[in-house]
Amino acid sequence: MGFKKLQLIICSVLLALTVGAQAETNTDKECFEKISRGVFQFNQGFDKAILKPVAKAYNKLPDPVRKGTSNFTSNIATLLSIPNHLLQGEVRLAGHATGSFLVNTTIGVLGLGNPAALMGLENQKEDLGQTLGSYGVKGGCYFVLPILGPTTVRDTVGMIVDTSYLDPFARITWHEKEIKNISGTKIDYVGVKAADVVDFRGNNMTNFDSLEKNSIDLYAATKSLYLQNRKNKINNSSESEDDWGNLDN
Amino acid sequence: MKKLSLILFSIILIFKSAHATNYSTDPELFVSELVNDAISKLSDKNLNEQEKAIFIEKVALENVDINALGLYTLGELRKTAKKSSLDKYQKVFEKYFLKSLTSRLTDYSSNKFEVISAEKKSSNYTIVKSRIAQSDNQPEIKIDWRIYTKNQDKPLIRDLIVEGLSLARTQKEEFASILNSNDNDINILISKLEEFVTN
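Conventions and cut-offs
Residues numbered from 1 in each chain as written. Chains lettered and ligands numbered in written order. Predicted model: local features only at pLDDT ≥ 70, side-chain atom pairs only at ≥ 80, totals over all residues. Heavy atoms only, no water. Helix = DSSP H or I, 4+ residues; strand = E, 2+ residues; numbered from the N terminus. Buried < 20%, exposed > 50% of the residue type's maximum accessible area, 1.4 Å probe, protein only. Contact = heavy atoms within 4.5 Å. Areas by Shrake-Rupley, 256 points an atom, 1.4 Å probe, with all protein chains shown as cover. Axes fitted to C-alpha atoms, helices over the stretch in contact; angles between N-to-C directions. Parallel < 35°, antiparallel > 145°, perpendicular 65-115°, else oblique. Nonpolar A, V, L, I, M, F, W, Y, C, P; charged D, E, K, R; others polar. Pairing = 2+ DSSP bridges. pLDDT = per-residue confidence, 0-100. Buried area = accessible area lost by both parts, 1.4 Å probe. Polar contact = N/O pair within 3.5 Å; in protein donor to acceptor, adjacent residues only side chain to side chain. Phe/Tyr/Trp six-rings, centres within 6.5 Å; stacked < 30°, edge-to-face > 60°. Lys NZ or Arg CZ within 6 Å of the ring centre and 35° of its normal. Salt bridge = Lys/Arg side-chain N within 4 Å of Asp/Glu carboxyl O. Disulfide = S-S within 2.5 Å. Core = buried A, V, L, I, M, F, W, Y, C linked by side-chain atoms within 4.5 Å.

Helices and strands together make up the secondary structure of chain B, namely eight helices and five strands. Helices and strands appear in chain B in the N-to-C order α-α-α-α-α-α-β-β-β-β-β-α-α. With 199 residues in all, chain B has 44% of them scored as buried. Taking contacts inside chain B between residues at least 6 apart in sequence as the whole, the part at least 24 apart equals 51%. With an accessible surface of roughly 11,000 Å², chain B has 55% of that area assigned to carbon and sulfur atoms.

Structure representation (structure tokens):
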């Protein structure tokens with residue numbers, strides 16, 4: 001059986017589980033909490049030993065270098081946002097994202113600069129997990145993946161399909177498919193993703209430290225933040241849900 | 001005459017310090033004055049750590065709806081828990097909240113703070129939008145303040161929403177996780193909070 005067939009079967013099973021979960025009122029049900037907590041501990045160890053020290057060193061680099069890295073990885077991520085905007089029927093945002101990619105790749109020198117932002121072109125990150133969410137597919141159960149971190153069934157299905165089919169950058173690099181004479185390797189893919197993670201970790205040094213210091217259950221706090229963030233991204237909103245109502249009555 | 005001046009001066013000083021944490025009743029100005037006051041105190045090199053902590057505690061006790069926050073974060077258990085347990089929880093929650101608030105404010109106090117706008121959501125709530133300027137360790141952070149305005153003469157902070165992520169909700173879900181894995185035993189949650197306060 002080919003790898004593609006196996007991927008399709010895994011995605012179908014996971015998606016069936018997610019659709020089943022739509023009837024649930026709790027979208028943050030755990031699949032296997034004990035295992036997830038173990039994986040979370042492992043990820044915390046990885047962060048302390050490798051990611052945090054690397055991000056600290058990264059933060060010492062000159063501002064233009066960090067800004068350039070951030071712009072470069074964001075520009076590449078736009079390639080995945082474009083098909084997802086279209087799948088969500090957001091033609092205007094797809095146009096903005098396409099314009100942003102073209103302007104930043106050319107005038108912005110391979111995406112190191114971000115002149116598109118100055119021109120008013122929006123570049124909102126989208127993925128298939130968000131697209132499925134926008135069609136009403138609930139998250140399904142929550143779990144933690146080694147290194148990759150918190151996720152849900154819906155977001156994992158989205159990630160697999162994004163990487164296998166929707167993301168042109170992943171097709172060229174991870175899958176080593178040549179598109180319009182452009183080719184790459186798995187190392188390119190891992191390198192860009194690693195730079196993106198280090199940039200994110202470096203940008204959130206204070207936030208991570210503060211969260212760790214002030215949580216009595218860091219696993220639960222991280223889960224809550226992940227799920228709130230995904231919900232905001234699906235709704236394209238930065239406002240928190242108001243659930244204080246019943247306390248005032 | 002000198003004595004009278006001294007007495008008058010002392011009265012003014014006492015009056016000023018007693019009203020040191022009286023901020024505007026307008027939600028937007030309230031947040032702006034409060035945070036800028038806190039930042040200036042926390043970055044004041046003439047104050048030691050204890051003096052700073054005392055100041056933050058005083059400001060928080062007067063301007064944050066700690067009681068409501070404690071009940072909110074307890075979730076549905078607040079309706080079924082015994083009054084004695086609830087009282088014990090509220091006391092330890094206050095200590096927990098003050099300690100974590102002081103720690104969080106200290107983490108962000110070196111950055112420039114600015115209030116952007118305010119949006120009245122209902123007669124009970126106004127959301128004040130603000131931002132913390134970019135620094136070496138973090139990009140610009142957007143913070144929304146959920147201000148409880150039922151008593152218009154005394155606005156109270158109920159939640160901080162950092163980049164769309166509610167701190168109160170996060171805390172509520174953190175507590176729910178502890179309660180769920182311990183048969184909804186409020187005493188386990190109380191002991192966890194006590195542990196945090198004493199460490």
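All names here are of chain B. Taken N-terminus to C-terminus, the directions of helix α4 (residues 66-74) and helix α7 (residues 167-180) make an angle of 50 degrees; their axes are 7 Å apart at the nearest point. With respect to their mutual orientation, α4 and α7 come out oblique. For the pair α4 and α7, contact is made by L69, Y72, T73 and L74 and by A168, R169, Q171, K172, F175 and L179, respectively. Here the contact of α4 with α7 is composed, by residue class, of six nonpolar, two polar and two charged.

This paragraph deals with the sheet that holds strand β2 (residues 125-132) of chain B. Residues and elements named next belong to chain B. The strand order across the open sheet formed by five strands is β1-β2-β3-β4-β5, and the pairing between neighbours is antiparallel. The sheet is open, and its two edges are formed by β1 (113-120) and β5 (165-166), each paired on a single side. As paired elements, strand β3 (residues 141-148) and strand β4 (residues 156-162) share six bridges and run antiparallel to each other. In the strand pairing of β4, W145 is matched with L160. This element, helix α2 (residues 27-42), spans β1, β2, β3 and β4 of the sheet and lies at about 155 degrees to β1.

Of the residues in chain A, 86% reach a pLDDT of 70 or more, and the chain-wide mean stands at 89. Scored below 50 in pLDDT, residues 19-27 of chain A makes eight contacts in the model with residues more than four places away or belonging to other chains.

The partner chain B presents 47 residues to the 33 residues of chain A that form the contact. Approximately 3,400 Å² of surface area, both sides summed, lies buried where chain A meets chain B, with 45% of it carried by carbon and sulfur atoms. On the chain A side of the contact with chain B, N214(A), I216(A) and W244(A) bury the most area, a combined 24% of that side's loss. At the junction of chain A and chain B, the tally comes to nine residue pairs in polar contact (both at pLDDT 80 or more).

Moving on: the pairing of β1(B). Residues and elements named next belong to chain B. Here β1 pairs with β2 via seven bridges, running antiparallel. Within β2, the position partnered with E114 by the bridge is R131. The antiparallel hairpin formed by β1 and β2 contains four residues in its connecting segment.

This part takes up the environment of L132(A). In this fold, L132(A) is placed in helix α6 (residues 128-134). When its relative accessible area of 16% is taken as the criterion, L132(A) is described as buried.

A few words on the packing of aromatic side chains. The geometry of an aromatic ring pair is captured by two quantities: the separation of the ring centres and the angle between the planes. Per the counting criterion, the structure on display carries 16 aromatic pairs over all chains. The interplanar angle of 75 degrees and the centroid separation of 6.3 Å between the aromatic rings of Y142(A) and Y219(A) together place this pair among those described as edge-to-face. In this pair, Y142(A) sits in strand β1 (residues 142-145) while Y219(A) sits in helix α11 (residues 218-234), placing the two residues 77 residues apart along the sequence. Accessibility expressed as a relative area gives 1% for Y142(A), which makes it buried. Looking at Y219(A), the relative accessible area reads 3%, which means it is buried. Taken together, a centroid distance of 6.2 Å and an interplanar angle of 85 degrees make the contact between F93(B) and F175(B) edge-to-face. You can see F93(B) sitting in helix α6 (residues 83-108) and its partner F175(B) sitting in helix α7, a full 82 residues away along the chain. The exposure class of F93(B) is buried, given its relative accessible area of 0%. Judged by its relative accessible area of 0%, F175(B) falls in the buried class. The rings of Y89(B), F93(B), Y96(B), F97(B), F175(B) and F196(B) are connected pair by pair, giving a single aromatic cluster. Positioned over the ring face of W174(A) is K186(A), at 5.3 Å from the centre of the ring. Sitting above the plane of the Y148(B) ring, R158(B) keeps its charged end 3.6 Å from the centroid.

Turning next to the pattern of salt bridges. Inspection of every chain in the model, using the stated rule, returns 21 salt bridges over all chains. Among the charged side chains, a network of salt bridges with common partners joins D127(A), R154(A), D155(A) and R230(A).

Another aspect to go through is the state of the cysteines. Residue and element names in this part refer to chain A. For the coordinates displayed, the defined rule picks out one disulfide over all chains. Here C31 connects covalently by a disulfide to C141, the sulfurs 1.5 Å from one another. Here the residue C31 occupies a position in the loop between α1 (3-21) and α2 (33-59), and C141 occupies one in the loop between α6 and β1, the gap between them amounting to 110 residues. The class of C141 is buried, set by a relative accessible area of 18%.

This part covers the nonpolar core. The biggest cluster of nonpolar side chains holds 53 residues, and the ones touching the most others in it are V31(B), Y89(B), W145(B) and L189(B). A total of nine residues in this core trace back to one element, the largest contributor, which is α6(B). Grouped together as the second largest cluster of nonpolar side chains are 12 residues, V39(A), Y142(A), L211(A) and A221(A) included.

Residue and element names in this part refer to chain B. Following the sequence through the fold, D65 ends up in the loop between α3 (49-63) and α4. For D65, a relative accessible area of 12% gives the class buried. Within the local environment of D65, its side chain forms a polar contact with the side chain of R158, the two groups lying 2.9 Å apart. With residues near it in sequence (within four places) discarded, D65 still touches Y148, L156, I157 and R158.

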